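Descriptive structure summary
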Amino acid sequence: MAAKDGPTLEYTPTWVVAVVCSVIVAISLAVERLLHCTGKYLKKKNQKPLFQALQKIKEELMLLGFISLLLTVFQTRIAKICMPKNFANKWLPCKLKDASSSSSTTTHFQTLFTSFIPGRLLSEATTTPKDYCAEKGGKVPLLSLTALHHLHIFIFVLAVVHVTFCALTILFGGAKIRQWRHWEDSILKKENNPEEVLKTNFTQVQDHDFIRNHFLGIGKDSALLGWVHSFFKQFYGSVTKTDYLTMRQGFIMTHCRGNPQFNFHKYMIRALEADFRKVVGISWYLWLFVVIFLLLNVAGWHAYFWIAFIPFILLLAVGSKLEHVIIQLAQEIAEKHVAIAGALVVQPSDNHFWFHRPRIVLLLIHIILFQNSFELAFFFWIWVQYGFDSCIMGEIGYIIPRLVIGVFVQFVCSYSTLPLYAIVTQMGSSFKKAIFEEHIQEGLVGWAQTAKKKKGLRKAANGSTTTTTRGSTTHASGQMSPKETTPLAIQMSEASAMEEGNAGEITAATLYGGHR
């Protein structure tokens, strides 16, 4: 027996079911193998941070699949939740008078967008929710099957666009950072020259390029001028060779004084790749932003337009702050010294950052990338789903600025803000665990875990020894256990204690940011 919207699976040809299942399974396996091969390639190239980022993408895809499953399974029950009709006429994205005028265009683009999906919806109900709610006193469904289907597609588009844009940002930003490699090579070549190493130079602070470019004087006027200078400098020459050399020297003299030939550029790339794993995900507060936007997307409010300024303003604020940190580093040196023996050395400190936490900058970049991806994903989804003339799209005067802002944010974040973040956030009081090579990180963490296990075993052994001693006979009460008085046991205990202490320090350095 056939349902209203077509035959059920009982009366569908078996070859149709087999073909559709084969295509779906083939596409899914192809994507899975592509991710698997990408992971193997990254592991082969020892790109563990990027491999972890790929794992994060898989987690997001799994979450997306779970959301899709929930929407598919419960869509009929959601559609049968009824509410009064007057509630359905409030807070609409489009005015009711616009619904009929845009119905023909909407129908055309809905057909185009869903032509690759069997059936009108992801799954169909045999009873009409509209008729079901009408029988309950003229009520209407809480969310129709069509609207639920469109919401389903929007969540999928949002996740794909966000991951794609994050990858493009890291790709282009990383390409800009890799252009600094020749600066690092020139420094290492100079430090390997014995004549340059033995030569003692005196640096006139005020004549140094780093100070001339960033120190603007002392006082309130210079502070305001410094912020103005920082705002505009983020758009041109955000990091110069002098900036790179000076901040590199400050980092090495603060955290790696015993290794003047430390490859700062490689460390910076490793740290950026590790941060990419955090940026590519969609955290709970970002999903909260999506829900708030969907709530405020009311006809006449133009929320989609005003919300485009959030990533724009945050981007300008983050870029200005990062440039201002460089100015603060220069100002500290210029106020304290007139001449310095050797190279100019800045002093990294968390005090230069908002709330003394450099990690806040990464959080803001995460929000910027997601909100910008959300804006562009929403635009393309509306365009394909409902058409360019849809009432949700709005007037052309609101559309063009949104697109311009989106492209501007993506470009500036890739070529200016991200490279600034990569180097300036190293000017904090702590270093990141990426300072160690990957195999060293694994060795130190393994060493720390082994020491922790030994500590637990020794405590258990001491506890059992104490219990045995308490139950010993009276004639042995004045004697000490040979095991406790043996010099070898004392040496092993001291060595184990030293191992645990060092392991604790290494663990703190590797796992919690490496405080000095």
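Residues numbered from 1 in each chain as written. Predicted model: local features only at pLDDT ≥ 70, side-chain atom pairs only at ≥ 80, totals over all residues. Heavy atoms only, no water.

**Brief notes about the overall build of the protein**
A tally of regular secondary structure across the protein gives 20 helices and 4 strands. Buried positions account for 38% of the 516 residues belonging to the protein. Pairs at least 24 residues apart make up 84% of the contacts formed inside the protein by residues separated by at least 6 positions. With an accessible surface of roughly 29,600 Å², the protein has 65% of that area assigned to carbon and sulfur atoms. (Helix = DSSP H or I, 4+ residues; strand = E, 2+ residues; numbered from the N terminus. Buried < 20%, exposed > 50% of the residue type's maximum accessible area, 1.4 Å probe, protein only. Contact = heavy atoms within 4.5 Å. Areas by Shrake-Rupley, 256 points an atom, 1.4 Å probe, with all protein chains shown as cover.)

**Quick look at the nonpolar core**
Ile211, Phe251, Ile423 and Val424 are the most contacted members of the largest nonpolar core, which has 61 residues in total. When near neighbours in sequence (up to four residues on either side) are disregarded, Ile211 contacts Val205, Gln206, Ala330, Ile333, Ala334 and Leu344. Within the second largest apolar cluster, 34 residues are counted, among which are Leu148, Phe289, Phe370 and Phe374. (Core = buried A, V, L, I, M, F, W, Y, C linked by side-chain atoms within 4.5 Å.)

**Thoughts on the packing of aromatic side chains**
According to the stated counting rule, one finds 36 aromatic pairs in the structure shown. Here Phe251 and Phe264 contribute two aromatic rings whose centre-to-centre distance is 5.3 Å and whose plane-to-plane angle is 50°, an arrangement assigned as tilted. Within this pair, whereas Phe251 is found in helix α11 (residues 241–255), its partner Phe264 is found in helix α12 (residues 264–279), the two being separated by 13 residues in sequence. The exposure class of Phe251 is buried, given its relative accessible area of 0%. When the ring of Phe305 is compared with that of Tyr398, the centres are 5.0 Å apart and the planes differ by 80°; the resulting orientation is edge-to-face. Of this pair, Phe305 sits in helix α14 (residues 303–306) while Tyr398 sits in helix α17 (residues 396–424), placing them 93 residues apart in sequence. Three or more aromatic residues joined by ring pairs make a cluster, and in this case those are Phe231, Phe232, Phe235, Phe305, Trp306, Phe309, Phe312, Tyr398 and Phe408. (Phe/Tyr/Trp six-rings, centres within 6.5 Å; stacked < 30°, edge-to-face > 60°.)

**A word on α17**
When the terminal C-alpha atoms of α17 are compared, their 40 Å separation across 29 residues agrees well with the 42 Å that a helix rising 1.5 Å per residue should span. Largest kink in α17: about 50°, centred on Cys413. (Expected span 1.5 Å × (residues − 1). Bend = angle between axes of the 7 residues up to and from the residue.)

**Describing the pattern of salt bridges**
Counted according to the given criterion, the structure contains 7 salt bridges. Residue Arg178 pairs with Glu273 through a salt bridge whose shortest N-O separation is 3.7 Å. Taken as a pair, Arg178 in helix α6 (residues 145–178) and Glu273 in helix α12 lie far apart in primary sequence, 95 residues in all. With relative accessibility at 46%, the residue Arg178 sits in the partly exposed group. (Salt bridge = Lys/Arg side-chain N within 4 Å of Asp/Glu carboxyl O.)

**So, the side chain of His162**
Note that His162 resides in helix α6. Those residues within four positions of His162 in sequence are excluded, and the remaining contacts are Val279, Val280, Gly281, Ile282, His366, Leu369, Phe370 and Ser373.

**Some remarks on the state of the cysteines**
Going through the model one piece at a time under the given rule, you end up with 2 disulfides. Here Cys82 connects covalently by a disulfide to Cys133, the sulfurs 2.1 Å from one another. Since a negative S-S torsion denotes a left-handed disulfide, the Cys82-Cys133 link at about -85° is left-handed. Note that Cys82 is positioned in strand β1 (residues 82–83) and Cys133 in helix α5 (residues 129–134), a separation of 51 residues in sequence. By relative accessible area, Cys82 is classed as partly exposed at 22%. Here Cys94 is linked by a disulfide to Cys391, with a sulfur-sulfur distance of 1.6 Å. Across the S-S bond of Cys94 and Cys391 the torsion is about 100°, and the bridge reads as right-handed. (Disulfide = S-S within 2.5 Å.)

Such coordinate-based values are descriptive only and should not be taken to indicate function.
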